[in-house]
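Chain and residue survey
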Amino acid sequence: QVQLVESGGGLVQAGGSLRLSCAASGSTFSINAIGWYRQAPGKQRELVAAISSGGSTNYADSVKGRFTISRDNAKNTVYLQMNSLKPEDTAVYYCNADVLGDYVGDYWGQGTQVTVSS
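Note that the structure is a prediction, hence the values are computed from the model and not measured. (Residues numbered from 1 in each chain as written. Predicted model: local features only at pLDDT ≥ 70, side-chain atom pairs only at ≥ 80, totals over all residues. Heavy atoms only, no water.)

In this section: the pairing of strand 8 (residues 77–82). Of all six residues that make up strand 8, five are buried, and the element is covered over most of its length. Direction of pairing for strand 7 (residues 67–72) relative to strand 8: antiparallel, over a ladder of six bridges. Within the sheet, the bridge partner assigned to Ile69 lies in strand 8 and is Leu80. (Buried < 20%, exposed > 50% of the residue type's maximum accessible area, 1.4 Å probe, protein only. Helix = DSSP H or I, 4+ residues; strand = E, 2+ residues; numbered from the N terminus. Pairing = 2+ DSSP bridges.)

Another point: the state of the cysteines. Each disulfide consists of one covalent bond between the sulfur atoms belonging to two cysteines. Counted by the stated rule, this structure contains one disulfide. Covalently, Cys22 is tied to Cys95 through a disulfide, its sulfur atoms 1.9 Å apart. Taking the torsion about the S-S bond as the criterion, the Cys22 to Cys95 disulfide, at about -75 degrees, is left-handed. In this pair, Cys22 is assigned in strand 3 (residues 18–26) and Cys95 in strand 9 (residues 91–99), connecting sequence segments 73 residues apart. (Disulfide = S-S within 2.5 Å.)

A word on the sheet that holds strand 7. In any sheet, the strands associate via hydrogen bonds between backbone groups, in a parallel or an antiparallel arrangement. Strand order in the open sheet formed by four strands is 1-3-8-7, with antiparallel pairing between adjacent strands. The two strands at the open ends of the sheet, each matched to only one other strand, are strand 1 (2–7) and strand 7. Across this sheet, the average inter-strand angle for adjacent strands is 15 degrees, counted without regard to direction. (Axes fitted to C-alpha atoms, helices over the stretch in contact; angles between N-to-C directions.)

The nonpolar side chains of a soluble globular protein tend to be buried with one another. Ranked by size, the top nonpolar core spans 30 residues in total, and within it Trp36, Leu80, Met82 and Tyr93 carry the most contacts. Where this core is concerned, the elements lending two or more residues are strand 1, strand 3, strand 4 (31–39), strand 5 (46–52), strand 7, strand 8, strand 9 and strand 11 (112–117). The element that contributes the greatest number of residues to this core is strand 9, accounting for five residues. Look past the residues within four positions of Tyr93 in its chain and what remains in contact with it is Glu6, Leu20, Trp36, Tyr37, Arg38, Val48, Phe67, Leu80, Met82, Gly111, Thr112 and Val114. (Core = buried A, V, L, I, M, F, W, Y, C linked by side-chain atoms within 4.5 Å. Contact = heavy atoms within 4.5 Å.)

Another aspect to go through is the pattern of salt bridges. What the rule picks out here adds up to four salt bridges. Glu46 is the salt-bridge partner of Arg38, the closest N and O atoms lying 2.7 Å from each other. Classification of Glu46 by relative accessible area gives partly exposed; the value is 35%. Three or more residues are tied together by salt bridges with common partners; here these are Arg38, Glu46, Arg66 and Asp89. (Salt bridge = Lys/Arg side-chain N within 4 Å of Asp/Glu carboxyl O.)

And the structure:
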């Protein structure tokens, strides 16, 4: 199986930056892609950014040009660099792993709160 632990959330003023980390452990060789999702109060969880095992990335239109997803394979960690933050970015951010093979399925971290004040 795969375990995911997020970190890096917090309170920041509008226009500021934060970097989220998602550390994976377990059967990390089975991970096909890792994505960052977010869920604001009263809203559905939405995909923010994702990176495949091949390095391909995709972003939600609302964060393009402001957020960057990257990974450090040696550390089994995926990062989400968030710049020019807006109050509407406030949400709980979750890391998700799409896993293939013997442990096929979606795995989620516990989430980390990001709050952007105006």
